[in-house]
Every structure is written in C-alpha cells, then in structure tokens.
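Summary of structural features
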Amino acid sequence: MTISYSTNESVIIQKSNKIKSYEEEKLDKPEIFLHVDWQRQFIEDILKIAKLGDHTFLIATHSPQIIGSRRDLAVALDGGILGD
C-alpha cells in the first residue's frame with residue numbers, strides 16, 4: 001500500500017525527522033505550511049514533542065492561531081501586540 005502525502009504534510013514529516021538530532025530547534029513561520037486548523041493545534045503538539053525528547057523550540061510566527069491561548073509562552077518584539 002502506498003501512502004500519498006500533501007506538500008504540507010511532507011514538509012512537516014521532513015522537519016520532524018530532523019528534530020531527533022537536535023536539542024534546540026528553530027522554526028521560522030511554520031504557519032506557511034499549515035492549514036488554519038493545524039495552526040491552532042501546533043503549539044500543543046510542539047509541547048508534546050518537546051516533553052518526549054527533551055527539546056527546546058524557538059518559533060517565529062505572525063500567526064495568532066499558532067500562539068492561540070498560550071500567550072504566556074510568547075515574547076513580543078519591539079512594538080509587537082504582545083507588549084501591550
């Protein structure tokens with residue numbers, strides 16, 4: 001049986017395979033590859049991965065869906081809306 005993946009799924013699989021070899025992973029604008037529903041789940045999934053492998057993630061995003069209700073994990077840049 002052959003499994004076909006969308007372009008977005010393929011990118012996520014490739015990135016997740018690389019995470020195994022690093023303690024700290026930097027993700028720049030992951031929303032580019034993710035449907036809005038996946039963006040909403042992203043932080044919770046990343047937190048699960050971080051716990052499993054003792055990894056740290058630094059994520060740069062413009063997406064309020066990525067941040068979701070976890071503003072406590074966000075750091076605003078100068079003039080960013082999180083600084084209010």
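It should be noted that the structure appears before, not after, this text.
So, here is what we can say about the structure in this document. These numbers were taken from a predicted model, which means no experiment stands behind them.

Reading the values: the criteria
- Per chain, the residues get numbers from 1 upward, laid out in the order the sequence is written.
- Only residues with pLDDT of at least 70 get local features here, since the model is predicted, and only at 80 or more are side-chain atom pairs given and counted; chain-wide, interface and lining totals rely on the full set of residues.
- Each side-chain value is derived from all of the structure's non-hydrogen atoms; neither hydrogens nor water enter the calculation.
- A run of DSSP states H or I qualifies as a helix once it reaches four residues; a run of E qualifies as a strand once it reaches two. Both are numbered from the N-terminal end.
- Burial classes: relative accessible area under 20% of the type maximum marks a residue as buried, over 50% as exposed, and values in between as partly exposed (1.4 Å probe, protein chains only).
- Contacts are assigned to residue pairs with any non-hydrogen atoms lying within 4.5 Å of each other.
- Per-residue and other accessible areas were derived by the Shrake-Rupley procedure at a 1.4 Å probe size, with only the shown protein chains allowed to occlude residues.
- A carboxyl oxygen of Asp or Glu within 4 Å of a side-chain nitrogen of Lys or Arg is what we treat as a salt bridge.
- For two strands to be treated as a pair, DSSP must find at least two bridges joining them.
- Place the viewer so that the strands point away; then a crossover is right-handed whenever the path from the first strand over the helix to the second strand goes clockwise.

**Side note on the overall build of the protein chain**
Secondary structure assignment for the protein chain yields three helices and two strands. Mapped from its N terminus to its C terminus, the protein chain presents α and β elements in the order α-β-α-β-α. For the protein chain, the proportion of its 84 residues judged to be buried stands at 19%. In the protein chain, 59% of the contacts between residues at least 6 apart in sequence involve partners at least 24 apart. Carbon and sulfur atoms make up 54% of the accessible area of the protein chain, which totals about 6700 Å².

**Details of the environment of glutamate 24**
Mapped onto the elements, glutamate 24 comes out in strand S1 (residues 24-28). The exposure class of glutamate 24 is partly exposed, given its relative accessible area of 43%. Considered as a pair, glutamate 24 and threonine 56 are 32 residues apart in the sequence and their alpha carbons are 4.7 Å apart.

**A closer look at the pattern of salt bridges**
For the structure on display, the rule yields four salt bridges. Of the charged contacts in the structure, one is a salt bridge between aspartate 37 and arginine 40, with a shortest N-O distance of 3.1 Å. One end of the pair, aspartate 37, and the other, arginine 40, are both in helix H2 (residues 36-53), three residues apart, so they sit about a helical turn from each other. Exposure remark for aspartate 37: the relative accessible area of 45% places this residue in the partly exposed category. Here arginine 70 and aspartate 72 are joined by a salt bridge, their closest N and O atoms 3.1 Å apart.

**Considering the environment of lysine 26**
Counting through the fold element by element, lysine 26 comes out in strand S1. Considered as a pair, lysine 26 and threonine 56 are 30 residues apart in the sequence and their alpha carbons are 8.6 Å apart.

**Some thoughts on the pairing of strand S2 (residues 56-60)**
The sheet contact formed by S1 and S2 spans five bridges and is parallel. Across the sheet, lysine 26 pairs through a bridge with leucine 58, a residue of S2. Chirality of the crossover, the property in question, places the unit of S1, H2 and S2 among those that are right-handed.

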